[in-house]
Each structure stands twice: as structure tokens, then as C-alpha cells.
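A closer look at the structure
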Amino acid sequence: MTPLATGPQPGTFTGRGFDTCAAPSQATMNAWRASSPYGAVGIYISGASRSCSQPNLTASWVADQTSNGWRLIPIELGYQAPCGTRTPKMSADPTTARSQGVSAANSAANAAQALGIGTASTIYNDIEQYPSNASCRAAVLSFLSGWTEQLHVRGYLAGMYSSGSSGIKDVCEAYDNPSYTRLDQIWIAWWNGVADTDAGSYCADAYYANQQRVHQYAGEVTETWGGVTMKIDRNYLDLRVTQTPPQQWTTTIDNSASGGFTASTEWGTSAYSGQRFGTDYRFTSPMSSSDVAWFRSTIPATGSYEISVWYPSDAGYNNQTPYLVETTTGSRSVSVNQRVNGGRWVSIGVFTLAAGTSNKVGVSRWTSGTGLVVADAVRITRV
């Protein structure tokens, strides 16, 4: 049996913490617990970019530390920004980056479970400083969207560690952007020497304001407590977790999904646009007949669901593409201009969907607009 940590990690905690490359020995942890001002410790639980071996990091070690009162800050150090210098790098393609975020979340959740770090804990994805630009930002935010959504599926909260000037700035500027899924917590690397959770100009105080911040305020310092010396980074945590993770139910149906997509032979297949979701998408010409391409899904319970659609945009695509949503009160039609906002999730609204398996969202050819009609991918998220 895997020993279990005591409660969610780091859970609800306000105070000082430290992180260091390798999980310290039990003797070191005991000495620092007895004499240092720190109550939390960052541990690198997973990721291909970790630079230190972790001989001490076992399920028993985790259980011993939490039993002694330590709070743990689990960290995944893997995929890095495509415009950065560290490897391995996530894809510059937002769609691929998003899928890599999902994979990273599964890897981190598996590692957490193996160490006895239970659900409702927060796992922080460490994306080191990068020279941000528009395309790199889109990749990072898409990666973190996949990371967050999948951690929620696995029952964990999603955090991110990054420098204030790159990752934190990008995440905070996208705080209200519906194209991306918001993190639960942020960990700000800003070595200003002040033990608080302020992020200066990098993140407005109104964002992640509900005790959702950790601040790494000093780095690569050497301290001695209880006769034991370590090189650490200093952190201040102000976190509150009063509920379980959102457990956000979400599903994505691509046009290539077996059993999840149907269309007549009048719908062609193309991989022309780099803005596509997945390997290809479907297209056809308008006509005065419905001929709907359907996205099929199993809805877990009758309730409110946000529908988002993905399509590549092009001047030759349709400016009034009808999306049909099968709600509990009948079919609803929403017109989308597929000449703009391509290569991203576009929300078309929140609808009441019935539980069960059936065609939920369709793309119709019956339009008064001009240009090719495209069917690529649909995302359904319970709200």
C-alpha cells in the first residue's frame, strides 16, 4: 500500500516555504522543521527537464514530511516554451501544445498518486523564463489549458510556476480570455526580496486574488538551520483550498474521432490549413439543404454546457456558418464567421444539454453566406 500524505498539498497555507533541486534527507528535513521559519517545501515530482536525481523522494518520505507538519509543493518540470532555451520544448503549434499539456498532466497526476499525494492537491507546472512573443504565448497558454483541464479530470488543482516577466505576465494578461482555461493558482518568480504575494506590474492584484498565489521572492541563497546548510529559493505562500477541484467535465470531439463524427460523402477532407485541430478537417460548399456534419458525445448529466468550436480561418471560408446545438428544448442555430478567429477555441454560448449519447453539435451547409463551410472540432464543457 502506498503511504498517503496528510491532506491536500500544499492545501490551505499562509507562510514561508522553500524549494531546492533534490528532496532533502529526512535528517535535514527534521533539523529545518525544528529550527527554520519554513513550513512548506517544493518537490520536483515529475518531468523530463528535472536536473537532479531524487533518491529521497518516495511515498514514505512524503508521508513522513506531512505527518511532521510540512506542506509540500509538487512540481512538474517538463515541457518548456518553444521560444525559450531549455529543453524539451513544447510544440509551437497551439493544438499540439495543448495535447502535450494533457500528457504532462497525466504524467504528473500519475507521479503524485505514486507518491501518495492525493487529489485536491495542486501540481505546479514549471515553465522557465522565455522571451515571450505572440506565437510563443499562444503555445504556452494552449499547453496550460490542456494541463489545467486534464488535471481537473484527474481530481487535482492546476498551478504554474514561471518568471513574472514571461509566463506569469502572459497568464495574467489572458486571465479573462475565453480561448484559454484559467489556472487555479500561480507561483510568481520575482526576486525582489519581499515576502508577500504581490506580483508588481507582472500581474494585476485583481487576478488570482482569492489566496491563489505563491511568490518566490529570493533565489539561490544559502541558509543554515539546526546545523544543516542548504542552497534554496525562498517563497511566500498564501493559499486557500476550501473545496475539491472543479472536476470540470469536458470533452473534445475532432472530425477524425471514431464514432464521434459523421458526415456525408459531400464533405471533403483537407489538411491545407496549419490552423486545423488535429491532422485534418472537413469542408464542403453551401447549398439549400441541411446536410449536417454531426459531432456526437455522451453527456454525463442534464445541465448547462459551454460549446466551443475550432476551425481554421481563411478568406475563402464561409462568413455565416450555421452551428446547430441540440438542447433540451430543441435545436438552436448559431452563425459563425469562419473567415476570422481561426486556430483557437471560439465559444458559441452556454446551452442546456440532455444526458446521454447522441449528436449534440452540427455544422450545416444551409447558409446565406458565401465560401466553404468547415467542420473541424467541438469542445463541450460543463459549467
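Because the structure is predicted, anything quoted here is derived from the model rather than measured. (Residues numbered from 1 in each chain as written. Predicted model: local features only at pLDDT ≥ 70, side-chain atom pairs only at ≥ 80, totals over all residues. Heavy atoms only, no water.)

1. Observations concerning the nonpolar core
So the rule is basically this: For our purposes a nonpolar core is just a set of buried Ala, Val, Leu, Ile, Met, Phe, Trp, Tyr and Cys residues, chained together by side-chain atoms within 4.5 Å. Whether a residue is buried, partly exposed or exposed follows from its accessible area with a 1.4 Å probe, protein chains only, as a fraction of its type maximum: under 20%, in between, or over 50%, in that order. Going along the chain from the N terminus, every DSSP run of H or I of four or more residues is numbered as a helix, and every run of E of two or more is numbered as a strand. By definition, residues are in contact when any of their heavy atoms lie within 4.5 Å.
Of all hydrophobic cores here, the largest spans 56 residues; its most connected members are Phe18, Ile45, Ile127, Leu144, Trp147, Leu183 and Ile186. A total of 8 residues in this core trace back to one element, the largest contributor, which is helix α4 (residues 134-154). The residues contacting Ile186, other than those within four sequence positions of it, are Met160, Ile168, Val171, Cys172, Cys203, Tyr208, Gln212, Arg213 and Val214. Grouped together as the second largest cluster of nonpolar side chains are 27 residues, Trp267, Phe351, Leu353 and Ala375 included.

2. Comments concerning the UniProt feature "domain: Golvesin/Xly CBD-like" (unreviewed entry) in the protein
Quick reminder of the rule: UniProt positions are given in the numbering used here, feature names are shortened, and annotations may be inferred rather than shown by experiment.
If you check UniProt for "domain: Golvesin/Xly CBD-like" (unreviewed entry), the listed places come out as residues 252-382 in our numbering. Between the first and last C-alpha atoms of residues 252-382 the distance is 12 Å; the span itself is 0% helix and 50% strand.

3. Quick notes on the sheet that holds strand β8 (residues 228-239)
Going by this rule: A strand pair is defined by DSSP finding two or more bridges across the two strands. To obtain each axis, a line is fitted to C-alpha atoms, and for helices this fit is confined to the stretch in contact; angles are then taken between N-to-C directions over 0 to 180 degrees.
Taken together, 8 strands build a closed barrel; the order of strands is β1-β2-β3-β4-β5-β6-β7-β8 and the barrel is mixed. Taken over all neighbouring pairs, the strand axes of this sheet differ in orientation by 35 degrees on average, direction set aside. Sheet topology places strand β3 (residues 71-76) next to strand β4 (residues 122-126); 2 bridges connect them, and they run parallel. Paired with Ile75 across the strands is Tyr124, a residue of β4. In the packing of helix α1 (residues 26-35) onto the sheet, contacts are made with β1 (13-19), β2 (40-46), β7 (212-225) and β8, and the angle to β8 comes to roughly 60 degrees.

4. So, the UniProt feature "domain: Rv2525c-like glycoside hydrolase-like" (unreviewed entry) in the protein
In this numbering, the UniProt entry assigns the feature "domain: Rv2525c-like glycoside hydrolase-like" (unreviewed entry) to residues 30-236. With 32% helix and 26% strand, the stretch residues 30-236 has end C-alpha atoms that lie 20 Å from each other.

5. A short note on the environment of Val309
Inspection of the secondary structure puts Val309 in strand β14 (residues 303-310). Separated by 49 residues in the primary sequence, Val309 and Ser358 place their C-alpha atoms 18 Å from one another. Setting aside its immediate chain neighbours within four residues, Val309 contacts Tyr323, Arg344, Trp345, Val346, Ile348, Ala377 and Val378.

6. Considering the pattern of salt bridges
Side chains that differ in sign of charge can pair as their charged atoms come close. Under the convention used in this document: A side-chain nitrogen of Lys or Arg and a carboxyl oxygen of Asp or Glu constitute a salt bridge if their distance falls within 4 Å.
With the rule as written, the count across this model stands at 7 salt bridges. A salt bridge links Arg98 to Glu149; the nearest nitrogen and oxygen atoms lie 2.3 Å apart. Taken together, the positions of Arg98 in helix α3 (residues 94-114) and Glu149 in helix α4 put the pair 51 residues apart, joining distant regions of the chain. Across the salt bridge formed by Arg365 and Asp291, the nearest N and O atoms sit 2.7 Å from each other. Placement of the pair is Arg365 in the loop between β18 (356-363) and β19 (373-375) and Asp291 in the loop between β12 (281-284) and β13 (293-299), with a sequence separation of 74 residues. You'll find Arg365 and Asp291 in the same group, each marked buried.

7. Focus: the domain arrangement of the protein
Cut-off, in case you're wondering: Those domain boundaries reflect an automatic or database domain assignment. Buried area: the accessible area, evaluated with a 1.4 Å probe, that two parts lose upon being put together, summed over both parts. Each residue gets one label: Ala, Val, Leu, Ile, Met, Phe, Trp, Tyr, Cys and Pro are nonpolar, Asp, Glu, Lys and Arg are charged, and the others, such as Gly, are polar.
When cut into domains, the protein gives domain 1 (13-239) and domain 2 (250-382). Measuring from the centre of the C-alpha atoms in domain 1 to the corresponding centre in domain 2 gives 36 Å. Taken together, the contacts link 8 residues of domain 1 with 10 residues of domain 2. Both sides of the domain 1 and domain 2 interface together cover about 730 Å² of buried area, and 43% of this is carbon and sulfur. If you sort the residues of domain 1 by the area they bury against domain 2, Thr95, Arg98 and Ser179 come out on top, with a joint share of 61%. There are 1 salt bridge connecting domain 1 and domain 2. Salt-bridge contacts for Arg379 lead to Glu149; the nearest nitrogen and oxygen are separated by 3.1 Å. Looking at the side of domain 1 that touches domain 2 residue by residue, the class counts come to 1 nonpolar, 4 polar and 3 charged.

8. So, α3
Selection criterion: Every helix has an expected span of 1.5 Å times one less than the residues it contains.
For α3, built from 21 residues, the straight-helix expectation of 30 Å at 1.5 Å per residue is met to within 8% by its first-to-last C-alpha distance of 30 Å. For α3, the complete set of buried residues consists of Thr95, Ala97, Arg98, Gln100, Gly101, Ala104, Ala105, Ala108, Ala109, Ala111 and Ala112. A positive backbone phi angle near 85 degrees is found at Gly116, which sits one or two residues after α3.

9. Overview of the state of the cysteines
The criterion, for reference: By disulfide we mean two sulfur atoms from cysteines, separated by a distance within 2.5 Å.
As enumerated under the stated definition, the model contains 3 disulfides in all. Each sulfur in the disulfide pair Cys21 and Cys52 lies 1.8 Å from the other. Sign of the S-S torsion, about 110 degrees for the bond between Cys21 and Cys52, identifies this disulfide as right-handed. Pair noted here: Cys21 is in the loop between β1 and α1 and Cys52 is in the loop between β2 and α2 (59-67), with a separation of 31 residues, a long-range link. The disulfide that involves Cys172 links it to Cys203, with 2.0 Å between the sulfurs. Disulfide Cys172-Cys203: torsion about the S-S bond near -85 degrees, hence left-handed. With a gap of 31 residues between them, Cys172 in helix α5 (residues 164-173) and Cys203 in the loop between β6 (185-189) and β7 connect regions that are remote in the sequence. Relative accessible area serves as the criterion here: at 3%, Cys172 is assigned to the buried category. Ordering the disulfide-forming cysteines of the protein by sequence position, one finds them joined as 1-2, 3-4, 5-6.

10. Looking at the pairing of β12
Bridging between strand β11 (residues 268-270) and β12 involves 3 bridges; their strand directions are antiparallel. Its bridge partner being in β12, Ser270 is matched across the sheet by Tyr281. Relative to β19, β12 is paired through 3 bridges, and the arrangement is antiparallel. Looking at β19, one finds that Thr284 is bridged to Val373.

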